[in-house]
Amino acid sequence: MDKIKIQDLEVFAKHGVFPEENVLGQKFLISAVLYTDTRQAGKTDDLTASIHYGEVCQMIETFLKENTYQLIERVVEALAQELLLQVDRLERVTLEVKKPWAPIGLPLETVSVEITRGWHTAYIALGSNMGDREKFLQDAVAALRKTEGCNVQSVSDWLETEPYGMTEQEPFLNGCLELRTLLPPEELLEELHRIEQEAGRERIIHWGPRTLDLDIIFYDDLIVQQKNLCIPHVDMQNRDFVLRPLAQIAPYKRHPAHQKTVWEMLEALKSTL
């Protein structure tokens with residue numbers, strides 16, 4: 001991806017652990033690498049087709065002057081999120097905040113923290129087989145729309161499906177959505193659990209009835225195998241209630257391990273039924 005670089009922007013701001021730092025202030029140096037597609041701007045000479053680095057510099061200065069934090073880690077994390085939420089066409093950012101006058105009582109040039117943050121694409125499966133199933137699903141979509149750092153891009157139709165695993169229960173209403181998010185997988189999972197709990201979800205019987213079930217199916221092309229988090233979702237290739245709605249919104253999304261598209265996995269599953 002193309003890069004626009006800002007090097008050592010000087011900002012006088014009031015960040016630091018010591019009270020006098022928050023009162024007197026000091027100089028900070030901010031460097032940013034803005035990842036975006038500059039092709040259209042390069043072809044047309046149109047500034048609106050790119051990122052205005054002058055406006056970004058003003059935004060950085062304003063943000064650092066209007067906020068006060070103790071840790072540089074907090075400064076750079078909050079600034080990265082602000083830029084990603086506010087700057088159009090910004091896909092990813094690498095930020096470094098340098099503190100030239102760090103009060104440690106020893107000679108040094110600078111102390112700095114550098115991070116890279118950006119937008120990710122996740123696919124979420126939704127299901128419900130208790131109460132007003134459609135309302136539970138619609139409320140979940142609305143809750144994700146309101147979650148900071150999450151943008152719902154598309155939502156499949158709601159499909160009624162037979163229960164999986166424990167079959168002696170009511171039919172499910174299932175769907176999938178595409179989510180653009182700044183949250184890492186673990187934090188996204190926490191948000192999904194929060195939304196489930198608000199819908200009255202109780203984890204009593206494995207594969208049992210539930211007001212709301214939210215699962216991360218894909219997160220970019222990431223492969224994660226942890227105790228409480230598996231991405232891509234385990235056994236998704238054998239679940240019609242996942243593949244059918246997912247094929248509506250992402251038929252050519254490829255499983256990073258199996259290397260089959262959603263459409264191919266769905267067709268393979270159909271041939272076994």
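Above this note sits the structure.
Predicted, not measured: the structure shown is a model, and the values here were computed from it.

Peer 1: I tried to follow the overall build of the chain on my own but got confused; where do I start?
Peer 2: A count of helical and extended segments in the chain gives eight helices and eleven strands. Counting only C-alpha atoms and orienting by the principal axes, one finds that the chain spans roughly 70 × 50 × 30 Å. Evaluated residue by residue, the chain yields a buried proportion of 47% over its 273 residues. In the chain, 64% of the contacts between residues at least 6 apart in sequence involve partners at least 24 apart. Summed over its atoms, the accessible surface of the chain is roughly 15000 Å², and 48% of this surface lies on carbon and sulfur atoms. Positive and negative side-chain charges of the chain, numbering 29 and 44 respectively, have mean locations separated by a distance of 2 Å.

Peer 1: What is the right way to read the side chain of E21 from this model?
Peer 2: If you trace the backbone, E21 turns up in helix α1 (residues 19-24). Judged by its relative accessible area of 6%, E21 is buried. Other than its neighbours up to four places away in sequence, E21 contacts K14, H15, G16, Q26, K99 and P103.

Peer 1: Help me understand the nonpolar core, please; the structure alone is not making it clear to me.
Peer 2: Across soluble globular proteins, you tend to see nonpolar side chains buried next to one another. Ranked by size, the top nonpolar core spans 33 residues in total, and within it I30, L34, L64, L83 and L95 carry the most contacts. Counting residues per element, the ones that place at least two in this core are β1 (2-13), β2 (26-36), α3 (53-66), α4 (72-86), β3 (92-99) and β4 (111-118). Ranked by residue count, the leading element in this core is α4, at eight residues. The contacts of L83, once residues within four sequence positions are left out, are V56, M59, I60, L90, V93 and L95. Ranked by size, the runner-up nonpolar core spans 26 residues in total, among them L183, L188, L212 and L214.

Peer 1: Just checking my understanding: could you explain helix α5 (residues 133-146) for this structure?
Peer 2: Given 3.6 residues per turn, any residue in an α-helix points the same way as the ones three and four places further on. Spanning 14 residues, α5 covers 20 Å between terminal C-alpha atoms, matching the ideal 20 Å at 1.5 Å per step. Buried within α5 we find L137, A140, V141, A143 and L144. One side of α5 carries all its buried residues, which in axial view fall inside an arc of 160°. The exposed residues of α5 that point more than 90 degrees off its buried face are R145 and K146. Each element contacted by the buried residues of α5 is listed here: β5 (120-128), β6 (150-155), β8 (172-181), α6 (185-198) and β9 (213-219).

Peer 1: Quick question: what am I supposed to make of the side chain of S156 here?
Peer 2: Note on placement: S156 falls in the loop between β6 and β7 (159-161). On the basis of relative accessibility, which here comes to 7%, the residue S156 falls in the buried class. Ignoring sequence-local partners within four residues, the contact set of S156 consists of G175, C176, P245, Q248 and I249.

Peer 1: Can you help me understand the packing of aromatic side chains in this one?
Peer 2: Each aromatic ring pair is summarised here by two numbers: the centre-to-centre distance and the angle between the ring planes. For the coordinates displayed, the defined rule picks out one aromatic pair. With a centroid separation of 6.4 Å and an interplanar angle of 90°, the aromatic rings of Y123 and F218 are classed as edge-to-face. Of this pair, Y123 sits in strand β5 while F218 is found in strand β9, placing the two residues 95 residues apart along the sequence. One exposure class covers both Y123 and F218, and it is buried. Above the plane of the ring of Y35 lies R92, whose end atom (NZ or CZ) is 4.1 Å from the centre. For the cation-ring pair, K253 lies above F218, with the distance from its terminal atom to the ring centre recorded as 5.4 Å.

Quick notes on the rules
- Residues numbered from 1 in each chain as written.
- Predicted model: local features only at pLDDT ≥ 70, side-chain atom pairs only at ≥ 80, totals over all residues.
- Heavy atoms only, no water.
- Helix = DSSP H or I, 4+ residues; strand = E, 2+ residues; numbered from the N terminus.
- Buried < 20%, exposed > 50% of the residue type's maximum accessible area, 1.4 Å probe, protein only.
- Contact = heavy atoms within 4.5 Å.
- Areas by Shrake-Rupley, 256 points an atom, 1.4 Å probe, with all protein chains shown as cover.
- Lys, Arg positive; Asp, Glu negative; His and termini not counted.
- Charge placed at Lys NZ, Arg CZ, Asp CG, Glu CD.
- Core = buried A, V, L, I, M, F, W, Y, C linked by side-chain atoms within 4.5 Å.
- Expected span 1.5 Å × (residues − 1).
- Arc of directions from axis to C-beta.
- Phe/Tyr/Trp six-rings, centres within 6.5 Å; stacked < 30°, edge-to-face > 60°.
- Lys NZ or Arg CZ within 6 Å of the ring centre and 35° of its normal.

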